[in-house]
Amino acid sequence: MTHIDAGAGLDPVHPAAPPGRTRGLTTAEVAERVARGDVNDVPVRSSRSLSEIVRANVFTRFNAIIGVLWLIMLFVAPFQDSLFGYVIIANTGIGIIQEWRAKKTLDSLAVIGEARPTVRRDGVAVEIGTSEIVLDDVIEVGPGDKVVVDGVCVETDGLEIDESLLTGEADPVLKRPGAPVMSGSFVVAGGGAFRATKVGREAYAAQLAEEATRFTLVHSELRTGISTILKYVTWMMLPTAVGLVISQLWVKQHGFKDSVARTVGGIVPMVPEGLVLLTSVAFAIGVVRLGRKQVLVQELPAIEGLARVDTVCLDKTGTLTEGGMDVTELRPLQGADETRIRKVLGALGESDPRPNASLQAIVDAYPDDGDWRCVESLPFSSARKYSGASFSEGDGESSTWLLGAPDVLLGADDPALAETERLNEQGLRVLLLARATRDLDDARVGDGARPTALVVLEQRLRPDAADTLRYFAEQNVQAKVISGDNAVSVGAVAAKLGIVGDVMDARRLPQNQAEMAKSLDKGTVFGRVTPHQKRDMVGALQSGGHTVAMTGDGVNDVLALKDADIGVSMGSGSEATRAVAQIVLLDNSFATLPSVVGEGRRVIGNITRVATLFLVKTVYSVLLAVLVACWQVEYPFLPRHLTLLSTLTIGVPAFFLALAPNTERARPHFVRRVMRYSVPGGVVAALATFATYLLARHAYTGPGALDAETSAATLTLFLITLWVLAIIARPYTWWRITLVASMGAAFLLVLVVPSLQHFFALKLVGVTVPWIAVGIAVVASAVLEFLWTWVDRRFPA
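Attention here is on the structure that accompanies the text.

Calculation criteria
- As a convention, each chain's residues are numbered from 1 in the sequence order in which they are written.
- Restriction of local features to residues with pLDDT of at least 70 applies here, the model being predicted, together with a cutoff of 80 or more for giving and counting side-chain atom pairs; totals for whole chains, interfaces and linings are based on all residues.
- Where side-chain values are given, they derive from all heavy atoms of the structure, hydrogens and water being excluded.
- Comment: axis = line fitted to C-alpha atoms, over the contacting stretch for helices; angle = value between 0 and 180 degrees taken between N-to-C directions.
- Counting from the N terminus, the helices are DSSP H or I runs at least four residues long and the strands are E runs at least two residues long.
- Here roughly perpendicular refers to angles of 65 to 115 degrees, roughly parallel to angles under 35, roughly antiparallel to angles over 145, and oblique to all remaining angles.
- By definition in these notes, contact holds between two residues if any of their heavy atoms fall within 4.5 Å.
- Strand pairing is defined by DSSP finding a minimum of two bridges between the two strands.
- A simple rule labels every residue: compare its accessible area, found with a 1.4 Å probe on the protein chains alone, to the largest value its type can have, and call it buried under 20%, exposed over 50%, or partly exposed in between.
- Residue type decides the class: Asp, Glu, Lys and Arg count as charged, Ala, Val, Leu, Ile, Met, Phe, Trp, Tyr, Cys and Pro as nonpolar, and the leftover types, Gly among them, as polar.
- The pairing test for Phe, Tyr and Trp rings, Trp by its six-membered ring, is centres within 6.5 Å, and the orientation test on the planes gives stacked under 30 degrees, edge-to-face over 60, and tilted for anything in between.
- Take a side-chain nitrogen of Lys or Arg and a carboxyl oxygen of Asp or Glu: if they are within 4 Å of each other, that pair is a salt bridge.
- The patches described consist of residues with a relative accessible area above 30% and no salt bridge, like charges being joined within 9 Å and nonpolar side chains (Val, Leu, Ile, Met, Phe, Trp, Tyr) within 5 Å.
- To measure how exposed things are, a 1.4 Å probe is used in the Shrake-Rupley method; for residues, cover is taken only from the protein chains shown.
- Any two cysteine sulfur atoms within 2.5 Å of one another count as a disulfide.
- Residue count minus one, scaled by 1.5 Å, sets the expected span of a helix.

### Focus: the packing of helix α25 (residues 705–728) against helix α26 (residues 734–752)
Part 1 of the argument: Interhelical geometry of α25 versus α26 gives an angle of 170 degrees and a closest axis separation of 10 Å. The angle between α25 and α26 falls in the class roughly antiparallel. Residue-level contacts link T714, L715, F718, L722, L725 and A726 of α25 to V740, M743, G744, F747 and L751 of α26.

### Focus: the pairing of strand β16 (residues 478–482)
Part 1 of the argument: Relative to β16, strand β9 (residues 311–315) runs parallel, the two being bridged by five bridges. Bridging from a neighbouring strand, L314 pairs with V481 of β16.
Part 2 of the argument: In terms of strand pairing, β16 meets strand β18 (residues 523–527) through two bridges, oriented parallel. Bridge pairing in β18 links I482 to F526.

### A short note on unusual backbone geometry
Part 1 of the argument: Each neighbour pair has its own omega, and for R730 with P731 the value is -5 degrees, a cis peptide bond.
Part 2 of the argument: Relative to the helices and strands, P731 resides in the loop between α25 and α26.
Part 3 of the argument: Backbone geometry at N476 places phi at a positive 60 degrees, although glycine is not the residue there.
Part 4 of the argument: Relative to the helices and strands, N476 resides in the loop between α16 (465–474) and β16.
Part 5 of the argument: The class for N476 is exposed, based on a relative accessible area of 55%.
Part 6 of the argument: For Q632, which is not glycine, the phi torsion reads 55 degrees and is therefore positive.
Part 7 of the argument: Relative to the helices and strands, Q632 is located in the loop between α22 (593–631) and α23 (639–658).

### With respect to the packing of α22 against α23
Part 1 of the argument: Their axes nearest at 9 Å, the elements α22 and α23 cross at an angle of 170 degrees. For the element pair α22 / α23, the angle class is roughly antiparallel. Residue-level contacts link R602, N606, V610, L613, F614 and K617 of α22 to S646, T649, I650, A654, L657 and A658 of α23.
Part 2 of the argument: A per-class count over the contact of α22 with α23 returns seven nonpolar, three polar and two charged.

### Notes on the packing of aromatic side chains
Part 1 of the argument: Throughout the structure, instances matching the rule amount to eight aromatic pairs.
Part 2 of the argument: Judged by centre distance (5.7 Å) and plane angle (50 degrees), the rings of W372 and F391 are tilted. Of this pair, W372 sits in the loop between α13 (357–365) and β11 (373–378) while F391 is found in strand β12 (residues 386–392), placing the two residues 19 residues apart along the sequence.
Part 3 of the argument: A relative accessible area of 10% means that W372 is categorised as buried.

### Focus: the pattern of salt bridges
Part 1 of the argument: By the definition in use, this model includes 31 salt bridges.
Part 2 of the argument: Residues R342 and E338 are paired through a salt bridge, measuring 3.1 Å at the closest nitrogen-oxygen approach. Linking R342 with E338, this pair stays in helix α12 (residues 338–351), spanning four residues, or about one helical turn.
Part 3 of the argument: You can call E338 partly exposed: its relative accessible area is 32%.
Part 4 of the argument: What emerges from the salt-bridge pattern is a single network uniting D407, D505, R507, R508 and R528.

### Some details on a nonpolar patch on the surface
Part 1 of the argument: Judged by side-chain polarity, L71, L74, F75, F79, Y86 and I89 come together as a nonpolar surface patch covering roughly 640 Å² of accessible area.
Part 2 of the argument: The set of elements that each furnish at least two residues to the nonpolar patch consists of α3 (61–76) and α4 (83–113).
Part 3 of the argument: Looking at the nonpolar patch element by element, the count peaks at three residues for α3.
Part 4 of the argument: Note that F75 resides in helix α3.

### Describing the state of the cysteines
Part 1 of the argument: Enumeration over the complete set of coordinates arrives at zero disulfides.
Part 2 of the argument: The structure places no disulfide on C374, whose sulfur is separated from the nearest cysteine sulfur, that of C153, by 19 Å.

### Remarks on helix α28 (residues 768–794)
Residue pairs three or four apart in sequence face the same way in an α-helix, which turns once every 3.6 residues.
Part 1 of the argument: Helix length check: α28, at 27 residues, gives a terminal C-alpha distance of 38 Å against a target of 39 Å (1.5 Å per residue), a fit within 8%.
Part 2 of the argument: Three or more residues of α28 are buried, namely V769, P770, A773, I776, A777, A780, S781, L784, W788 and V791.
Part 3 of the argument: Next to the buried residues of α28 lie α22, α24 (670–699) and α25.

### Here's the deal with the sheet that holds β18
Part 1 of the argument: Here eight strands make up an open sheet; going across it, the order is β8-β21-β20-β19-β9-β16-β18-β17 and the pairing mixed. Strand pairing shows two members of the sheet lacking a second neighbour, β8 (295–297) and β17 (502–505), which therefore form its edges. Pairwise comparison of adjacent strand axes, ignoring direction, gives a mean angle of 20 degrees for this sheet.

### A short note on the environment of I720
Part 1 of the argument: In this structure, I720 sits in helix α25.
Part 2 of the argument: Residue class for I720 comes out buried when judged on its relative accessible area of 0%.
Part 3 of the argument: When near neighbours in sequence (up to four residues on either side) are disregarded, I720 contacts A685, A688, A777, A780, S781 and L784.

### Re the pairing of strand β4 (residues 150–162)
Part 1 of the argument: Judged by how many residues are buried, β4 sits mostly within the fold: 13 of 13 residues are covered.
Part 2 of the argument: The sheet contact formed by β4 and strand β7 (residues 186–198) spans 10 bridges and is antiparallel. Among the inter-strand pairings, D157 is bridged to a residue of β7, identified as G191.
Part 3 of the argument: Strand direction decides the pairing type here: β4 and strand β6 (residues 180–181), joined by two bridges, are antiparallel. Following the sheet pairing, V152 is matched in β6 by P180.
Part 4 of the argument: As paired elements, β4 and strand β5 (residues 173–174) share two bridges and run antiparallel to each other. Bridged to I161 within β5 is V173.

Now the structure itself:
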């Protein structure tokens, strides 16, 4: 609680400015600072720039390998054998376009959700974009506002700022005129104004490389897993490729150029070049889809993170209930005069320039008549659970009043508490009006306060909340309601929405993290939770192995949102909550969350399928290269053969499978789940294909023998990989069956159309060997079915 101060000497005060109020810069002074470059020009980006997108998609390790091999093939082999290079160009182009689309979606949504600080220009308060702030601007702040540039206070009215995200200091700092404020901190109570002293890249948050707005990056098991797989693939590729090069150049039975072509044909399929692309495309399309539903994803992996969540912590106010409230009843206590109570409530409402939802309901119900003058105020704080003000009454008398939680302001044996409890059990919110006997600046101002009236408020439930909570229950995601309100009242509201379980008062929770985790597992609804307790509760749940999402919209949710695995904020929430959340629901609809979970599940489930396809190819390519080097024979395939196989059994199907609907619950251990299928699949495909090749080498002789051997081996490999695709595509739907069948039909077309036979150098010779190739493929497919079933039982994911 403070008194207003002019902050003399910090800014020129216009002669017409109201007494005690800093006027701010004039239009001319703003133009002068803009011309000097003293502007807050730190770019606020929600995604990578176009140049970064292009670099990330073009300059990759595998693109470099493929690019070198492509250049070699352009010089030593026919056009057909360099097709793989054009496929890479197309893939890279698709990746750039999709990520650019996602970037435009993100940027347009970020503009909707960005903070718009209030500054004083020519004595008038106006909202401007963060990037329009100039040096010496006077910026107004209130509860929930994020401090966007460094500055020094010029006016304060009980201004309390939480700097814990920057300094680690747990308690809010009471600011007085002349006190510094740091960008990245946020207001928890009171209000005031500060003058910008550092803008742009000189501001504290900018020097921390946006740590104060981004804080922590979401862990992506999908991306980490793919990076791990690619690292192992690289280590396998290098020695295998060297061995293949040596063996093919040493054999050289069909000329140097043909040996080089077959060597490249062996190396190219080892590279799972489309895996990273499809992952990026799946994430990007997910962002675009969610963007259409007014969901701003501030970090791409957050889509995946929410799909892995098993516990959702919900703040009641603003999440389960709508922001507004209505006063339903006023109950005087101890014979108090109701007319005087209404006057006190009206004056209390007028004393706070930024009322919260509860006080706004009181302002609407009991307008101030202007007879009383506020001389000192104590803004509401989530930590203390009450606000207050001292008034000079019209007859010269003075009084001090408190408005807040009855169970905080009243003694345990006060009879008013029993009445409060009964109202709370109906899901109503109850505030106590009490007359204080101590000064507002006394740390124990609530002690001895005389109860005067109970103000009963009704909260408006979100119409979509029950359905959303039912969805989470069906998906085995626990919901924990965490609120600063009375536990009984919160429990009653939760019960109306179908949430059942133990209701607990957070003031009785143990301090020890392990003990707190046990209590949290038992309880479902928690009341009287302080902001720091919310953070501790998230940490305790995480220590128990839970993946935690936190939803909220108020300043008291910021710390918990920051520490949760996934923070979800409402678009109408405070600037601070929107800044630390990874997902912002711009339409303020809690019902949008299932869409985000569904999108994450689609990405994870489909990329797991697609990764298996790609890595089966990598495994059989490496093993084939090893077998060829050991047997000292020509590599059976030219690049054109493997380009055809990859396109029909991986490239085209993977694109459809990666973007298909998928509601399968996300499961951990991505690398293990992919490799347990890829390794047996690749080994079976390689052994069966090499067996066909060796049999064909004994069956065919003469000038065209190698082409006939290659065609037989290609037939076996195609049929096996088509069966792998058929397994991956399960469970079958009409379009999945059509997809697999059309890939088989496309390969059959190549075998029967003479021009395509010539283009791809594929012509089956005779009847015996082709049927043997088919028979080997059938046996291998049966072995695959058995192995994958056995793996499911022996190594469950």
